[in-house]
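Spelled out from the first residue to the last, the chains are:
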Amino acid sequence: MGFSGQCFGMEYPHERFVAFEPGAGPEAAARAFYEVMSLRRSVRAFSDRTVSRETIEWCVRAAGCAPSGAHKQPWRFVAVDEPQLKRRVREAAEHEEREFYARRANAKWLEDLAALETGPDKAFLETAPWLIAVFRLSSTDAGGQVYYASESVGIAVGFLLAAIHHAGLVALTHTPSPMGFLRDVLGRPSNERAYLLIPVGYPAKGCTVPTLARKHLDEILVWNAGDGTPSVPTRRDTSPVGDGGGDEDTPSPQPSPPAGEREPEGTRGRGVMIRRRVGV
Ligand code: IYR
C-alpha cells in the first residue's frame, strides 16, 4: 500500500511493501558458478608471494564440507610452508619423477603428457608458498572402518580446488608417482595413504598454461530420451581430450557460448599467456 511522505522537503511516493526478489534463480546462479570455475587452470609456475594461514584454513574447511561414506571424513590435509620441509618434499618427489620419466612411464603416456611440457624438475614444490599434502585414511584415527574412502577424498579435493580457485589463488593437482615418500617425509601415521600433493599460491609473473580444450557439454552430458528408452548421442561422438574435439562451427544448443569451453586451438602445445585473471 502506497502513501506519500516528506524527504528533504519534497513529496515522494512511499511504499510500505516492495516486491520480494528471491535471487536470480537457479539457472543464473548455476551459470555464474560455472563462469567462475571455467577460469580454473592447473598452474606449474608459482610466485613465491605468501598466502596467509587463514586462507589455507578456509579452503580446507571448505574441503571438509564434502560428503563422505558413512560420514567418516576419511581425509587429512597436511599444510606445509616451512622451506626445509618443502625442500625435502621436492627432493623426494624429483627422485621419483626422474624414475618416472626415464623408466616407469611407457611411450604412450609420455606422448600424452607432451602437450603439458612437464618433466622431472619440480621447482614449484619449493616456490609455492604452501604445499597441501592430501592423505586418504585407510581406517579412522580410532581404528574404525571407512567406506568409499577414495571417492570421498576425491570429492573433498574437488571442493578444495574450487575453494582455492574461488580465493583467487592457483593450484596444481600433482601426482608424484609413487608418492609413499610423503608419509615418511611428513611423519604421518600408517593409516594415512598419500593421495595428492597440491602446491597452492599465486601464479608466477608471466605464467603460461598450455592451450587445451575442454570437452563440449554434448560430450559429457547425455539426457534420457524422454520416452523411457536410453538416449542416443545427439551431436557427435565423444572426442579424445585435447584433440580439439569436434568442429567449432557446429551450432551450440546453449544460449550463448559459455566461457572456458573450447579454447582456441591454434597455439596448442606451445603455451599461451593467461588472458584473464585467474580467479574472480
Ligand atoms: N607425475 C608426473 C607425470 C604426470 C602425469 C600425469 I597423468 C599428468 O596429468 C601430469 C604429469 C609429473 O607430475 O610430472
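These lines cover the structure that appears in this document, whether it is placed above or below. Predicted model only: the values in this text are computed from it and were never measured. (Residues numbered from 1 in each chain as written. Predicted model: local features only at pLDDT ≥ 70, side-chain atom pairs only at ≥ 80, totals over all residues.)

### Regarding the overall build of the chain
Note the threshold: Put simply, DSSP H or I for four residues or longer makes a helix, DSSP E for two residues or longer makes a strand, and each gets a number counted from the N terminus. Burial is judged by counting the other C-beta atoms within 10 Å of a residue's own C-beta: 20 or more makes it buried, 12 or fewer makes it exposed, and any count in between marks it as partly exposed, with every C-beta position built from the backbone. By definition, residue pairs are in contact when their C-beta atoms, positioned from the backbone, come within 7 Å.
Counting secondary structure elements, the chain contains eight helices and eight strands. Residue burial in the chain is summarised as follows: out of 280 residues, 23% are buried. Taking as baseline every contact in the chain between residues at least 6 positions apart, the subset at least 24 positions apart corresponds to 78%.

### What about the site of the ligand?
Just so we agree on the cut-off: We count a residue as near a molecule or strand when its backbone-placed C-beta atom lies within 6 Å of that partner. Under the scheme applied, nonpolar residues are Ala, Val, Leu, Ile, Met, Phe, Trp, Tyr, Cys and Pro; charged residues are Asp, Glu, Lys and Arg; polar residues are all the others, including Gly.
All residues in the neighbourhood of the ligand are listed as E97, F100, L113, L116, T118, H174, T175, P176 and S177. Looking at side-chain class alone, the shell around the ligand contains four nonpolar, four polar and one charged residues.

### Some points on the environment of V134
Examined against the element boundaries, V134 turns out to sit in strand 4 (residues 130–137). Along the chain, V134 and A156 lie 22 residues apart, while their C-alpha atoms are 9.6 Å from each other. The contact partners of V134, leaving out residues within four places of it in the chain, are W75, F77, V153, V157, Y195, L196 and I198.

### A word on the nonpolar core
Rules: Nonpolar core, as used here: buried Ala, Val, Leu, Ile, Met, Phe, Trp, Tyr and Cys residues forming one set through C-beta atoms within 7 Å.
Core analysis: the largest hydrophobic core is formed by 40 residues, its most contacted members being L131, A133 and V134. Listing elements by their share of this core, those giving two or more residues are helix 2 (53–63), strand 3 (75–80), helix 3 (83–104), strand 4, helix 6 (149–166), strand 5 (170–171) and strand 6 (192–201). With eight residues, helix 6 is the largest single contributor of residues to this core. If we skip the residues at most four places from it in the chain, A133 touches V78, V80, L182, L186, A194 and L197.

### Overview of the pairing of strand 4
Note the cut-off: Strands pair, by our definition, only if DSSP identifies at least two bridges between them.
Most of strand 4 sits inside the fold, with eight of its eight residues counted as buried. Of the two faces of strand 4, the one lined by W130, I132, V134 and R136 and the one lined by L131, A133, F135 and L137 are each fully buried. Where strand 3 lies against strand 4, six bridges are found, and the strand directions are antiparallel. Each residue of the ladder has a partner; that of A79, found in strand 4, is I132. In this structure, strand 4 lies alongside strand 6, joined through eight bridges in antiparallel fashion. Across the sheet, the residue bridging to L137 is E192, located in strand 6.

### Some remarks on the sheet that holds strand 3
We count it as follows: Think of each axis as a best-fit line through the C-alpha atoms, taken over the contacting stretch in the case of a helix, with angles from 0 to 180 degrees between the N-to-C directions.
The strand order across the open sheet formed by four strands is 3-4-6-5, and the pairing between neighbours is antiparallel. With one partner strand each, in any of the chains shown, strand 3 and strand 5 form the two edges of the open sheet. Packed onto the sheet, helix 6 meets strand 3, strand 4, strand 5 and strand 6 and runs at close to 160° relative to strand 4.

### Considering helix 1 (residues 26–37)
Put simply, the rule reads: In a helix, the anticipated span is given by 1.5 Å times the number of residues less one.
The end-to-end C-alpha distance of helix 1 is 16 Å, a good match for the 16 Å that twelve residues give at a rise of 1.5 Å each. For helix 1, a buried count of zero out of twelve residues is recorded, marking the element as mostly open to its surroundings.

### Section: the environment of A194
By the secondary structure assignment, A194 is in strand 6. Residue classification places A194 among the buried positions, given that 22 C-beta atoms sit within 10 Å. When the C-alpha atoms of A194 and F181 are compared, they prove to be 8.3 Å apart, with 13 residues separating the residues in sequence. Ignoring any residue separated from it by four or fewer positions in sequence, one finds A194 in contact with A133, F135, M179, G180, L182 and R183.

### Topic: helix 6
With 18 residues, helix 6 ought to run about 26 Å at 1.5 Å a step, and its terminal C-alpha atoms sit 25 Å apart, in line with that. Along helix 6, the residues that are buried comprise A149, S152, V153, A156, V157, L160, L161, A163, I164 and H165. Among the structural elements, helix 1, helix 2, strand 3, strand 4, strand 5 and strand 6 are those in contact with the buried residues of helix 6. Downstream of helix 6 by a residue or two, G168 has a phi angle that is positive, lying close to 80°.

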